[in-house]
Amino acid sequence: MTPVGHTLTGLTIAVLATPREWSLHSRVSTMAAIVLLANAPDFPFPGWGHDRYHISHSIIVTTVGVLVVGLVVRLLVGARTLPLRLYVAGGLAWYSHLLLDTMYNHDKGLAMYWPLSPGRLSLAVPWFSVMDRHHLWSTHNLQVWAIEAAVYGTVFAAVCYGRYLTRPKKTPVAL
């Protein structure tokens, strides 16, 4: 998978969870944080990401990571500052990465249950393929990005439109 799909999925979750009444700065900051969490398993840290795919994409490691990040955020911003739905959204964004990566037809599957089991989960969708990390701007990669943008972008657009339709209506001022 590419960052396109993870980013659009994280952004979709963020749009659904971010309070409408917050300032633009607060909403954008919150959405950026949730998008980062959606991409967390692929961060290029030593011993993480694609260097140690079985570790960074393990549901057990993800659960620990989500709990640690949630605790750190809670300690940094205060217990009553953020609504619970934002913690849930951040966790869902991180977990969504694992689910989405199982859908790619790279014939490996995802070692989601590491270190408890060496088994791999694959829910491959035929039109999803992994990008070639060595030839970033290849025709293949552009096709992968276009498919992801079409699929995940459509979901994102539908959520944004639904959010727009359900916005509070302004009442006219009586003269």
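Cut-offs used in this document
Residues numbered from 1 in each chain as written. Predicted model: local features only at pLDDT ≥ 70, side-chain atom pairs only at ≥ 80, totals over all residues. Heavy atoms only, no water. 1 Å grid on protein atoms, 1.4 Å probe; cavity = no way out; pocket = protein on both sides within 12 Å on 5 of 7 lines; lining within 4 Å. Points joined across faces, edges and corners; volume = space filled by probe spheres on them. Helix = DSSP H or I, 4+ residues; strand = E, 2+ residues; numbered from the N terminus. Nonpolar A, V, L, I, M, F, W, Y, C, P; charged D, E, K, R; others polar. Axes fitted to C-alpha atoms, helices over the stretch in contact; angles between N-to-C directions. Parallel < 35°, antiparallel > 145°, perpendicular 65-115°, else oblique. Left-handed = near helix turned anticlockwise from the far one by under 90°. Contact = heavy atoms within 4.5 Å. Expected span 1.5 Å × (residues − 1). Buried < 20%, exposed > 50% of the residue type's maximum accessible area, 1.4 Å probe, protein only. Arc of directions from axis to C-beta. Polar contact = N/O pair within 3.5 Å; in protein donor to acceptor, adjacent residues only side chain to side chain.

(A) Quick look at the layout of surface pockets. Approximately 350 Å³ is the volume attributed to the second largest pocket. Among the elements that make up the lining of the second largest pocket, the one with the highest residue count is helix H2 (residues 24-39) (six residues). Residue classes in the lining of the second largest pocket are distributed as 13 nonpolar, five polar and no charged.

(B) Seen up close, the packing of helix H1 (residues 3-17) against H2. Across the interface, H1 lies against H2 with an axial gap of 8 Å and an inter-helix angle of 140°. With respect to H2, the axis of H1 lies oblique. Handedness of the H1/H2 crossing: right-handed. For the pair H1 and H2, the contacting residues are Pro-3, His-6, Thr-7, Gly-10, Leu-11, Ile-13, Ala-14 and Val-15 in the first and Met-31, Ile-34, Val-35, Ala-38 and Asn-39 in the second. In terms of residue class, the contact of H1 with H2 is built from nine nonpolar, four polar and no charged.

(C) Quick peek at helix H4 (residues 59-77). For H4, built from 19 residues, the straight-helix expectation of 27 Å at 1.5 Å per residue is met to within 8% by its first-to-last C-alpha distance of 26 Å. Among the residues of H4, Val-61, Thr-62, Gly-65, Val-66 and Gly-70 are the ones counted as buried. Summarising the axial view, the buried residues of H4 lie within an arc of 165°, below the 170-degree limit, and thus occupy one face. H4 presents Leu-67, Leu-71 and Leu-75 as exposed residues on the side facing more than 90 degrees away from its buried surface. The elements touched by buried residues of H4 are helix H3 (53-56) and helix H5 (84-102). Among the residues of H4, the N-terminal cap falls to Ser-58, whose side-chain oxygen and the backbone nitrogen of Ile-60 are separated by 3.2 Å. A positive phi of about 100° marks Gly-78, the residue just after H4.

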